Amino acid sequence: MNDDLLNKTKKVKMKLSHTTILKKKQALLESAIDNETILLSISNEKYYGMDFIASRIWSLLDNNISIQAIITILLTEFKVSPIECENDVMDFLENLVKEDLVTTDNHP
Amino acid sequence: MPAPFIYKLFGFTIASELECPELLPSDEQPEVRISFGTIPTEYDENNNLKAYWKATPDYFFFTLKNISKFLVTDGKNILIETSPAAELDQVRLFLLGTCFGALMHQRGLFLLHGSSIVLEEDCIIFTGPVGVGKSTIAAAFKNKGYQVLTDDVCAISFSHVESEWPMVYPGYPQLKLTPASLKKTHHNINQLQSVSSDTDKYRLPIINEFHTAPSRLRAICILDTHDVDTFSLDMLYGTNKFQQLMKNIYRGSLVNELGLQRKYFKNFIAINKKTECYHFHRPNKSFLLNESVTFLEKALIAV
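Here is what the cut-offs are and how they apply
- Residues numbered from 1 in each chain as written.
- Chains lettered and ligands numbered in written order.
- Predicted model: local features only at pLDDT ≥ 70, side-chain atom pairs only at ≥ 80, totals over all residues.
- Heavy atoms only, no water.
- Axes fitted to C-alpha atoms, helices over the stretch in contact; angles between N-to-C directions.
- Helix = DSSP H or I, 4+ residues; strand = E, 2+ residues; numbered from the N terminus.
- Parallel < 35°, antiparallel > 145°, perpendicular 65-115°, else oblique.
- Left-handed = near helix turned anticlockwise from the far one by under 90°.
- Contact = heavy atoms within 4.5 Å.
- Nonpolar A, V, L, I, M, F, W, Y, C, P; charged D, E, K, R; others polar.
- Phe/Tyr/Trp six-rings, centres within 6.5 Å; stacked < 30°, edge-to-face > 60°.
- Buried < 20%, exposed > 50% of the residue type's maximum accessible area, 1.4 Å probe, protein only.
- Pairing = 2+ DSSP bridges.
- Buried area = accessible area lost by both parts, 1.4 Å probe.
- Salt bridge = Lys/Arg side-chain N within 4 Å of Asp/Glu carboxyl O.
- Polar contact = N/O pair within 3.5 Å; in protein donor to acceptor, adjacent residues only side chain to side chain.

### Looking at the packing of helix 2 (residues 52-60) of chain A against helix 4 (residues 82-98) of chain A
Residues and elements named next belong to chain A.
Okay, step 1: Look at helix 2 against helix 4: their axes get within 11 Å of each other, and the N-to-C directions meet at 65°. With respect to their mutual orientation, helix 2 and helix 4 come out roughly perpendicular. As for how helix 2 packs across helix 4, the hand of that crossing is right-handed. Together, A54, I57 and W58 of helix 2 and V89, F92, L93 and L96 of helix 4 make up the contact between the two elements.
Okay, step 2: In terms of residue class, the contact of helix 2 with helix 4 is made up of seven nonpolar, no polar and no charged.

Structure, rendered in structure tokens:
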């Protein structure tokens, strides 16, 4: 009975918090193209494209910093309100999790 | 067993048991073999469909009922099993188009659906949706004195000698044109062979104007139409460039099935280093062929 509960808990979607540190998954090919980025996920065999701002967030993931740190850096680089920045960054990162392109420290 | 016919196509030397009069002969050592035989029945999984194909990382199988079955393996061998009712014209159409395309995919070439003409030392590719005028534009450039490298399938690879530059290889020495396009480009339809009973296109052989050596790919031009009366040429960048090119891959649906996503990704990055990509729009009301050619000539050669 206890095992059942444990399994169910593991399957709940990882909710992202400001302190979460996300890492790019290794089974990926990526390339900068002009000011944008193209990706191929080896695991799901899909191509992805990222615009200028998304590419910037994606490249910040190489630094092993928290989501809060990413938001703070973007606020210094782009003219955007803190609430909008936070919402957009969270949306984007949640998409990356959904598409299995990133992982957290706890779930490699 | 009669000796096979030897041809040169897209840089490959082919030994073929099926005669293909539209191809150029060669006396080099063959590296691709096209032969007749029996294909094991387990490849034909769906006997009820009129036309059926299956691609895996190991093979490409294609069948048209009452015409033939084809099995393409290792980028080296094409096995054809024909039925008594087969018209050789149709067999060759699918052999040299879809099946040879699959063979080149297996060899890791980057294939675009379109035509290619030679500008000075380098070449450009015209690609775009079906019916937009890729072959017609090539025919018009040919009339202006430019040489033609290929029509319908553009095979891009990297040579050992010029490893930085994507190279386009000489394809079919012909243009496939509709009666309307033949008229627009002042070609006589008499004595021209029909491509097949399924389509209204005719084969226009290219003899003197066929370019027989691989050529550096300077630019790719995606042809398109729009609602306004002007011509426009925009350079493509970034993810848009990637998306547009991937949309125009020859038999693009084979890429995933053959397990070639990685190869295509890497090839795109290499092509992107040297080759510009443009999106051309002409008015959709009428073709305006001469004006299109003049516009493209100025815009692409001036670069």
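### Section: the packing of helix 2 (residues 134-143) of chain B against helix 7 (residues 289-301) of chain B
Residues and elements named next belong to chain B.
Okay, step 1: Packing of helix 2 against helix 7 brings their axes to within 10 Å, and their N-to-C directions diverge by 75°. Judged by the inter-axis angle, helix 2 sits roughly perpendicular to helix 7. Contacts between helix 2 and helix 7 involve T136, I137, A140 and F141 on the former and, on the latter, L289, S292, V293, L296 and E297.
Okay, step 2: Taken together, the residues of the contact of helix 2 with helix 7 sort by class into six nonpolar, two polar and one charged.

### Side note on the packing of aromatic side chains
Residue and element names in this part refer to chain A.
Okay, step 1: Counted according to the given criterion, the structure contains 22 aromatic pairs over all chains.
Okay, step 2: Arranged with centres 6.0 Å apart and planes meeting at 80°, the rings of F52 and F78 form a pair that is edge-to-face. Of this pair, F52 sits in helix 2 while F78 sits in the loop between helix 3 (67-77) and helix 4; the two residues are 26 residues apart in sequence, bridging distant segments of the chain.
Okay, step 3: Residue classification places F52 among the partly exposed positions, given a relative accessible area of 46%.

### Quick word on the side chain of H105(B)
All names here are of chain B.
Okay, step 1: The residue H105 is located in helix 1 (residues 88-106) in this model.
Okay, step 2: Given a relative accessible area of 0%, H105 falls into the buried group.
Okay, step 3: Not counting the four nearest positions on each side in its chain, H105 is found in contact with L111, I249, Y250, R251, L254, V255, L258, L260 and Y264.

### Observations concerning the pairing of strand 2 (residues 28-33) of chain A
Residue and element names in this part refer to chain A.
Okay, step 1: Note: strand 2 against strand 3 (residues 36-41), six bridges, orientation antiparallel. Paired with S31 across the strands is I38, a residue of strand 3.
Okay, step 2: In textbook terms, the turn of a hairpin is the stretch between consecutive antiparallel strands, and for strand 2 and strand 3 this stretch comprises two residues, one of which, D34, has a positive phi near 55°.

### A look at the interface of chain B and chain A
Okay, step 1: Contacts between the two partners involve 16 residues from chain B, matched on the other side by 15 residues from chain A.
Okay, step 2: In total, about 1,300 Å² of surface goes out of reach between chain B and chain A, with carbon and sulfur atoms giving 72% of it.
Okay, step 3: Together, T239(B), Q261(B) and F265(B) form the three largest contributors to the area buried by chain B at its contact with chain A, with a combined 45%.
Okay, step 4: Linking chain B with chain A are zero salt bridges, by the criterion used here.
Okay, step 5: Our enumeration of links across chain B and chain A arrives at three residue pairs in polar contact (both at pLDDT 80 or more).
Okay, step 6: Counting residues per element, the side of chain B that touches chain A draws most heavily on helix 6 (residues 261-274) of chain B, at eight residues.
Okay, step 7: Looking at the side of chain B that touches chain A, its residues break down into eight nonpolar, five polar and three charged.

### What about the sheet that holds strand 14 (residues 174-177) of chain B?
All names here are of chain B.
Okay, step 1: Pairing is antiparallel across the open sheet formed by three strands, whose spatial order is 14-16-15. Because the sheet does not close on itself, it has two edges, and the strands there are strand 14 and strand 15 (193-194).
Okay, step 2: Here helix 2 sits on the sheet in contact with strand 14 and strand 16 (202-205), set at roughly 130° to strand 14.

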